[in-house]
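Residue strings, one per chain:
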Amino acid sequence: MDSSSQLYWGGGVELTTNAELAILRPKVVGGGSIVNQALMDRFDDVALDDFRSASGVDFLASDALAPYYERAEGNLVLQEVPEQHRNGNAAIFAGGFERNGYRYAPLRRAQADCRFDDGNSCIECLGGCRVDSKQSTAITALPIAEQHGLTLLDQVEVDQIEERGDHVVVRGLVGPPGHQGRRQEWSAQRVVLAGGAIGNSRLLLASGYGGRLPALGRNFFTHPQFMNFGVFDEPVHAHRGPLQNYKSADPGFRRQGFKLENVFAGPASIAMLMPGYGRAHMRRMRDYDHFGCVEVCVRDTNPGRIRLGRKGQLLIEKRMDAVDRQRRRAGADAIRNIFLSMGAREVIEGDVGIGLHLMGGCAIGTDPTRSVVGPDFTLHGSSRIHAADSSIFPKAPGINPALTIAALSLKASESILEAAR
Amino acid sequence: MSTDSQTPSGMPRAGLPAEAPVGLTPAQQRGLLRLGDVVIPGDGDLPSFSESGCADGIDRMLPYMYEADRSSLLTLLEACARLPRPAIRRIVAIAAAADRFPEPAAGVFRLANIGIKGVVQSLYWSDIGTGGVHLVIGHDATINEAAYEAALKETER
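Reading the values: rules and limits
- Residues numbered from 1 in each chain as written.
- Chains lettered and ligands numbered in written order.
- Predicted model: local features only at pLDDT ≥ 70, side-chain atom pairs only at ≥ 80, totals over all residues.
- Heavy atoms only, no water.
- Helix = DSSP H or I, 4+ residues; strand = E, 2+ residues; numbered from the N terminus.
- Buried < 20%, exposed > 50% of the residue type's maximum accessible area, 1.4 Å probe, protein only.
- Lys, Arg positive; Asp, Glu negative; His and termini not counted.
- Salt bridge = Lys/Arg side-chain N within 4 Å of Asp/Glu carboxyl O.
- Contact = heavy atoms within 4.5 Å.
- Polar contact = N/O pair within 3.5 Å; in protein donor to acceptor, adjacent residues only side chain to side chain.
- Phe/Tyr/Trp six-rings, centres within 6.5 Å; stacked < 30°, edge-to-face > 60°.
- Lys NZ or Arg CZ within 6 Å of the ring centre and 35° of its normal.
- Buried area = accessible area lost by both parts, 1.4 Å probe.
- Nonpolar A, V, L, I, M, F, W, Y, C, P; charged D, E, K, R; others polar.
- Core = buried A, V, L, I, M, F, W, Y, C linked by side-chain atoms within 4.5 Å.

A. Seen up close, unusual backbone geometry. The linkage connecting Glu 103 of chain B with the following residue, Pro 104 of chain B, adopts the cis geometry, with an omega of 5°. With respect to the helices, strands and loops of the structure, Pro 104 of chain B is situated in the loop between helix 4 (85–96) and helix 5 (105–125). Within the chain, Ala 38 of chain A stands out as a residue other than glycine whose phi angle is a positive 55°. Checked against the element boundaries, Ala 38 of chain A lands in the loop between helix 2 (32–35) and helix 3 (45–55). Residues other than glycine seldom take positive phi values, yet Asp 127 of chain B does so here, at roughly 60°. Note on placement: Asp 127 of chain B falls in the loop between helix 5 and helix 6 (133–137).

B. Structural view of the side chain of Lys 411 of chain A. All names here are of chain A. Note that Lys 411 resides in helix 12 (residues 402–420). There is no salt bridge for the buried Lys 411, and the closest opposite charge comes from Glu 414, which lies 5.2 Å off by N-O distance. Excluding residues that lie within four positions of it along the chain, Lys 411 makes contacts with Phe 59, Tyr 68 and Phe 377.

C. A look at the environment of Arg 218 of chain A. Residues and elements named next belong to chain A. Structurally, Arg 218 is set in the loop between helix 7 (196–206) and strand 10 (220–221). Given a relative accessible area of 37%, Arg 218 falls into the partly exposed group. It is 4.8 Å that separates the C-alpha atoms of Arg 218 and Gly 361, two residues lying 143 residues apart in sequence. In this structure, Arg 218 is in contact with Gly 304, Arg 305, Gly 360 and Gly 361, ignoring residues within four places of it in sequence. One polar contact links the side chain of Arg 218 to the main-chain carbonyl oxygen of Pro 214, over a distance of 3.2 Å.

D. How the structure looks around the packing of aromatic side chains. Residue and element names in this part refer to chain A. Under the definition given, this model contains 17 aromatic pairs over all chains. Between the aromatic rings of Phe 93 and Tyr 246, the centroid separation amounts to 6.1 Å while the plane-to-plane angle is 10°, which identifies the pairing as stacked. Linking Phe 93 in helix 5 (residues 88–100) with Tyr 246 in strand 12 (residues 246–248), this pair joins segments that are 153 residues apart in sequence. A relative accessible area of 9% places Tyr 246 in the buried class. When the centroid spacing of 4.7 Å and the interplanar angle of 35° are considered together, the rings of Phe 253 and Phe 258 count as tilted. We note that Phe 253, like Phe 258, is buried. Over the ring of Phe 59 we find Lys 411, and its NZ or CZ is 4.6 Å from the ring centre.

E. Quick look at the interface of chain B and chain A. With 67 residues of chain B in contact, the opposing surface of chain A contributes 72 residues. Both sides together, the interface formed by chain B and chain A hides about 5800 Å², and carbon and sulfur atoms give 54% of it. The interface formed by chain B and chain A contains 7 salt bridges. With its nearest N and O atoms 3.6 Å apart, the salt bridge here joins Arg 283 of chain A to Asp 43 of chain B. For the pair chain B and chain A, the interface holds 24 residue pairs in polar contact (both at pLDDT 80 or more). Counting residues per element, the ones that place at least two in the side of chain B that touches chain A are helix 1 (26–39), helix 4, helix 5, helix 6 and helix 7 (145–156) of chain B. A per-element tally of the side of chain B that touches chain A places helix 5 of chain B first, with 12 residues. When the residues that make up the side of chain B that touches chain A are grouped by side-chain class, the tally is 34 nonpolar, 22 polar and 11 charged.

F. Local environment of the nonpolar core. Membership of the largest hydrophobic core comes to 93 residues, with the highest contact counts inside it found for Phe 229, Leu 260, Phe 264 and Ile 270 of chain A together with Leu 32 and Trp 125 of chain B. Counting residues per element, this core draws most heavily on helix 5 of chain B, at 7 residues.

G. Layout of the pattern of salt bridges. All names here are of chain A. In total, this model carries 34 salt bridges over all chains according to the counting rule given. With its nearest N and O atoms 2.9 Å apart, the salt bridge here joins Arg 25 to Glu 14. Highlighted residues: Arg 25 in the loop between strand 2 (21–23) and helix 2 and Glu 14 in strand 1 (residues 14–15), separated in sequence by 11 residues. Classification of Glu 14 as buried rests on a relative accessible area of 1%.

Bear in mind that shape data such as this cannot, by itself, settle questions of function.
Here's what the structure looks like:
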């Protein structure tokens, strides 16, 4: 409960305007890399062809990005979960895929040594890794940056940015939890925005950039995720050991616009996802240790929009249209097949959609009327404000974004350094 | 839990605790227990919400909510302190069945459902009270930090 309250904006979740999706937006230094499950895949041609088509940016292609992917991968320890440590939930996933003729593959995770022989359960790492195995930016990038002179200011909420000729001014509130904060102003030759899709969009909108950047806040995607449960007679112990082991690798699923992963969560989160209330809900929760769990992750097609309300408040508009709902349904049907083929006595579909791959809002592109950031990672019309995170994605890739964020950041750093010379 | 709650720039900070301690009034506490017992009435060796002793944990949750969410929650809890139990049950039932209603009413009920669950279910199933609910359902996830620290020391030698 404490990690959810303290590591995410809104005290745990923020909701879209129609409350269809619960947005999980980390507010911890290191962002998603602290709280995610560190799944590291390159984007395939399907994703990058769509990116290139939507943006007109030539380097969004497998060959052109390969050197940056290689460098990003070289900065991390990447592993597959050793077979002997895979848990009961993984066995259900693998067995169900095999019995249904679906293709699957082990997940590649950014982790150094999870010390499974000590009895560690990665489900605990959703609140941050306590054995320094997860390759978050706090472990990888930030220490190196500090060696090169980075000064990190935490507990700062920036709310204004303004470019003034030869420099950029940033204003915000500084202070530890429990205080309203004091206003402070910083000046820099250049600013690189890395507040994510919502953070970057909100900051630029609040700073008045919406008028000259009509695409700002638009094309927002989340890969809506829905966890489904199979109830088994024998204990599954899905909470023990490595939390995630496998993903779908089925071309048919890719064509249909969804992917599946074996996943689980702690009791408080599972209780949120379980439909119903009262004794019926409690009886379902009593089966917690007997749950197998697979999530469907939708490659969403219907873009959302981040905007500010009349009082300046954040509004996250994001709806699943008929296509996105069909994709969810197709994934849920495949999960049902998996669970039933493995002997589940009941299949339960979670009733809360989650958005945690937060992408877009500051899309990269060549057309200033349809994008926010140019191919040089600089805001259209600006020479000193740059963006280099998932906010620049022009579409939903349908693949976990972390590795591509790192690769594009390396590409962006070259471009920004070149501009600064 | 917010549709419109993040502070505009220049306003008090979003997502950080307010200056003044944030807690429940006695009426709001009573409302939380009554609402909690409708959502979690107890079942065999699983205690009810009020029996579990988890309600005090709300003081660890409230300060991090957006102000608009916190205000809506406190209003709901005050109402639950006064409403007859069947009325509370009706509110919870409608919220839980949100998708059976047409939009935009469904969205309002979904918001209520996630808000109620976000507080009541999170408090109870985080096992911060005396109910021992994790033990009952078999949740025993751990991280062996002691072994890791010992290994680090060994490496440093």
